[in-house]
Amino acid sequence: MGIKVSEKWLREWADPNVSTLELAEQLTMAGLEVGTVESCGTGLDGVVVGRILKVEPHPDADKLSLCEVDVGAKKPLRIVCGAPNLYEGGLYAAALVGTKLLDGTKIKRRKIRGAISEGMLCSAFELSLAEDADGIFELDKDCVEGASLRDVLGLNDQVIDLDLTPNRADCFCVTGVAREVAAINALEFTEPEPAVVQPSLKDTFHISLVAESACPRFAGRVIRKLNMNAK
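First, a word on what this report is: a plain description of the structure on this page.

Cut-offs applied
- Residues numbered from 1 in each chain as written.
- Predicted model: local features only at pLDDT ≥ 70, side-chain atom pairs only at ≥ 80, totals over all residues.
- Heavy atoms only, no water.
- Helix = DSSP H or I, 4+ residues; strand = E, 2+ residues; numbered from the N terminus.
- Rg over C-alpha atoms; globule rule 2.2 N^0.38 Å.
- Buried < 20%, exposed > 50% of the residue type's maximum accessible area, 1.4 Å probe, protein only.
- Areas by Shrake-Rupley, 256 points an atom, 1.4 Å probe, with all protein chains shown as cover.
- Lys, Arg positive; Asp, Glu negative; His and termini not counted.
- Charge placed at Lys NZ, Arg CZ, Asp CG, Glu CD.
- Pairing = 2+ DSSP bridges.
- Axes fitted to C-alpha atoms, helices over the stretch in contact; angles between N-to-C directions.
- Phe/Tyr/Trp six-rings, centres within 6.5 Å; stacked < 30°, edge-to-face > 60°.
- Contact = heavy atoms within 4.5 Å.
- 1 Å grid on protein atoms, 1.4 Å probe; cavity = no way out; pocket = protein on both sides within 12 Å on 5 of 7 lines; lining within 4 Å.
- Points joined across faces, edges and corners; volume = space filled by probe spheres on them.
- Nonpolar A, V, L, I, M, F, W, Y, C, P; charged D, E, K, R; others polar.
- Core = buried A, V, L, I, M, F, W, Y, C linked by side-chain atoms within 4.5 Å.

Thoughts on the overall build of the chain
If you tally the helices and strands in the chain, you get four helices and ten strands. The C-alpha atoms of the chain give 24 Å as radius of gyration, which overshoots the globular expectation for 231 residues (17 Å, by more than 25%). By principal-axis analysis of the C-alpha atoms, the chain measures approximately 70 × 50 × 30 Å. A buried classification covers 32% of the 231 residues belonging to the chain. On the chain, roughly 15100 Å² of surface is accessible, and the fraction owed to carbon and sulfur atoms is 52%. Taking the 26 positively charged and 35 negatively charged side chains of the chain as two groups, their mean positions are separated by 8 Å.

Structure (structure tokens):
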């Protein structure tokens, strides 16, 4: 029986002055055996936010475009891309020359149908962030050109895989593990208060609790007008 815990999230609740490896050792010695510690965002070194300044058709390929991309450098890069969801002003994931993606692809300066390409505009699939490709990975409008994609997506993190014994059911959540870390390091533990989101509707949905002893409290909220096409 195990649980995967985000170190970044864990340290928001209990942040001892120890390294990741020392934290893993502490948990193991406390009886919460750490199986693995894995880095998030592997293969994203050299992948940054790029803004497309200009899109032109490739002179020798109908399905390719020549893009002028601002990646926060002194001058824009020229990148050849065949994705259909390109538009001027859009922000996308751009892999710089020298980047090695998780699947082993190494980004090089090369000619594509006679045009020089100085990088690669990537889909989420190519970055191992999705199971399929749906055009290149478009980013939020408030992203800054040249910013690390790992930082933008909050992937500067480690995932700690805990192998728990049945008697430590209290640690099958971040709260329980954080409480344990605080106790090990003699830290004061104060559980964060979740932000209250006030309802915008007065609509209700009737619920009947048949087994009140098994479920003494049930909470819910009516949500309407969801955008099913949101990404």
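Section: the sheet that holds strand β3 (residues 47–58)
One open sheet holds the five strands; their spatial order is β5-β4-β3-β6-β9, and the pairing between them is antiparallel. Strands at the two margins of the open sheet, each flanked by one partner only, are β5 (77–81) and β9 (119–121). Within the sheet, the average angular offset between the axes of one strand and its neighbour, ignoring direction, is 45°. The pairing of strand β6 (residues 91–96) with β9 spans three bridges and is antiparallel. Across the sheet, the residue bridging to Leu 96 is Gly 119, located in β9.

What about the packing of aromatic side chains?
One pass over the structure, following the stated rule, counts one aromatic pair. Summarising the aromatic geometry, the rings of Tyr 87 and Tyr 92 are spaced 6.1 Å apart at their centres and angled 75° between planes, so their arrangement reads as edge-to-face. The class for Tyr 87 is partly exposed, based on a relative accessible area of 32%. Judged by relative accessible area, Tyr 92 falls into the buried class, the value being 0%.

With respect to the environment of Val 69
Summarising the element assignment, Val 69 is placed in strand β4 (residues 61–70). Along the sequence, Val 69 and Asp 134 sit 65 residues apart, while their C-alpha atoms lie 20 Å from each other. Beyond its immediate stretch of four places on either side in the chain, Val 69 contacts Gly 50, Arg 51, Ile 52, Pro 76, Leu 77, Ile 79 and Leu 121.

Some points on the layout of surface pockets
The calculated volume of the second largest pocket comes to roughly 270 Å³. For the lining of the second largest pocket, the secondary-structure elements that each account for two or more residues are β5, β7 (110–112) and β9. Per element, the largest residue contribution to the lining of the second largest pocket is three residues, and it comes from β9. In terms of residue class, the lining of the second largest pocket is made up of eight nonpolar, four polar and four charged.

A look at the pairing of β4
Across seven bridges, the pairing between β3 and β4 is antiparallel. Paired with Ile 52 across the strands is Val 69, a residue of β4. Between β3 and β4, which pair antiparallel and follow one another directly, the connecting turn spans two residues. Relative to β5, β4 runs antiparallel, the two being bridged by five bridges. If you follow Leu 66 over to β5, its bridge partner there is Val 80. The loop that links β4 with its antiparallel partner β5 comprises six residues; one of these, Gly 72, has a positive phi angle of about 80°.

Thoughts on the nonpolar core
The biggest cluster of nonpolar side chains holds 20 residues, and the ones touching the most others in it are Val 5, Leu 10, Leu 23, Leu 27, Leu 162, Val 177 and Val 181. At the level of elements, β1 (2–6), α1 (7–13), α2 (20–29), β10 (158–163) and α4 (174–184) are the ones that each hand at least two residues to this core. Among the elements that take part in this core, α4 stands out by supplying five residues, more than any other. For Leu 10, the residues in contact, after removing those within four places along its chain, are Val 5, Leu 23, Val 174, Val 177, Ala 178 and Val 181.

Functional significance is not addressed by these values, which are geometric in nature.
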